[in-house]
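Residue-level structure breakdown
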Amino acid sequence: KIIKIMLPFNLNQKSCTGCSACYSVCPIKCISMIHDEEGFLYPISDDTCLKCGLCERVCPIITPKQLKNDMHDCYAAISKNYNLWKNSTSGGAFSEICNAWCDEKTLIIGAAWDKFVVHHIGVIGPTQISSLRKSKYVESAIEDVFKNAKIYLDNGDKVLFCGTPCQVSGLKSFLRKDYNSLFTIDLICHGVGSQKVFEKCIKYYEREVGEKVNQFEFRAKRDKYETDYLSLISTESTTRYLVNDRYSQLFLNQLCLRPSCGKNCKFRNTNRQGDITLADFKGLNKVFKRLGGERYNYSTIIFNSEKGKSILVQLQKTMNLYVC
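To keep things clear, this report deals only with the structure shown in the data block. (Residues numbered from 1 in each chain as written. Predicted model: local features only at pLDDT ≥ 70, side-chain atom pairs only at ≥ 80, totals over all residues. Heavy atoms only, no water.)

Further remarks concern the pairing of strand β5 (residues 107-114). Both faces of the sheet carry side chains from a regular strand, because those side chains alternate between them. Of all eight residues that make up β5, six are buried, and the element is covered over most of its length. Across eight bridges, the pairing between β5 and strand β6 (residues 117-124) is antiparallel. Counterpart to I109 in the pairing with β6 is G122. Remark: two residues form the turn of the hairpin made by β5 and β6, two consecutive strands paired antiparallel; K115 in that turn has positive phi of roughly 60°. With three bridges joining them, β5 and strand β8 (residues 159-163) adopt parallel strand pairing. Looking at β8, one finds that I108 is bridged to L160. (Buried < 20%, exposed > 50% of the residue type's maximum accessible area, 1.4 Å probe, protein only. Helix = DSSP H or I, 4+ residues; strand = E, 2+ residues; numbered from the N terminus. Pairing = 2+ DSSP bridges.)

This brings us to helix α7 (residues 195-209). An ideal rise of 1.5 Å per residue puts 21 Å on 15 residues; α7 measures up with 21 Å between its terminal C-alpha atoms. Two to three positions downstream of the cap, the backbone nitrogen of K196 sits 3.2 Å from a side-chain oxygen, assigning the N-cap of α7 to S194. Count one or two residues on from α7 and you reach G210, which has phi positive near 75°. (Expected span 1.5 Å × (residues − 1). Polar contact = N/O pair within 3.5 Å; in protein donor to acceptor, adjacent residues only side chain to side chain.)

Moving on: the packing of helix α5 (residues 145-154) against helix α6 (residues 165-175). It is the contact of α5 with α6, at a shortest axis distance of 10 Å, that shows an interaxial angle of 55°. By the angle class used here, α5 and α6 are oblique. Both α5 and α6 take part in a crossing whose hand is right-handed. Across the interface between the two elements, F146, K147, A149, K150 and L153 of α5 pack against Q167, G170, L171, F174 and L175 of α6. Class assignment of the residues belonging to the contact of α5 with α6 gives a composition of six nonpolar, two polar and two charged. (Axes fitted to C-alpha atoms, helices over the stretch in contact; angles between N-to-C directions. Parallel < 35°, antiparallel > 145°, perpendicular 65-115°, else oblique. Left-handed = near helix turned anticlockwise from the far one by under 90°. Contact = heavy atoms within 4.5 Å. Nonpolar A, V, L, I, M, F, W, Y, C, P; charged D, E, K, R; others polar.)

We now examine the side chain of R258. Relative to the assigned elements, R258 resides in the loop between α8 (246-252) and β13 (276-280). Here E139 takes part through its side chain, which lies 2.5 Å from a polar atom of the side chain of R258. The contact partners of R258, leaving out residues within four places of it in the chain, are C16, T17, G18, F40, L41, Y42, E139 and V192.

Any link to function would need more than the numbers given here.
Here it is in structure tokens:
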């Protein structure tokens, strides 16, 4: 019988982010990412472990990666392409960054829905990123994308990775060296929500509408920005918008977050992990008086490195940018 245990160097659930660097680096695949009773992924090792120590060496919590990001140029941004904006959560910055930096052979990695479960997946080229757009406020499973990214990078191909700061840090720790062909985007992150709580809320919505829910979308848009948290559920017969839905309220009030998130987050600072940091732009009309009455929501783009800043000229062609 194989005995499975938590990794001994990081037993505290308030520090383990579930970034999967340890899982990805294990040479004999004795580490699995398993959901706990609250619906969060944690690394579990079996007793075939070689005690090689690689998992501990790549843990970004145990061995934090020293960063050299000393640039924090900030912009409010919105795509000039209405359809691209409409199919994005905020101002369309993620899509425009992919268009600016990636070519048709670039591996682009981000979070995508698989029914009501979120996985990080890779697609090839910016024309394939539709599933990676929009916010997903549920923990994303990394699975094998770190290993796939390394294969591409070692072959000299370009890779763009977008995720939470702990996921970006996990990728960089796993790679154990810098690559000029890697471009990273981190998010100003509220935290990641519980898969189990989200699934329970889906069941609640199904009881409420009397039908099986086929699709759920956070931060849905109609024609213009209307509310921060307008969710969308689709069934076989209807589409319904929800203002401040049950799950979003639990998430925003930090009642269903991973223990390592919120006040326990080690990445909640200005020492950003990505070449670029993305977020919604809150308080647009207060910061930019000349945009008073603007009814379209914008992205925040923060350039943290020279690599990130290298695409600014291209973004100026496809986005309206306002320096903060």
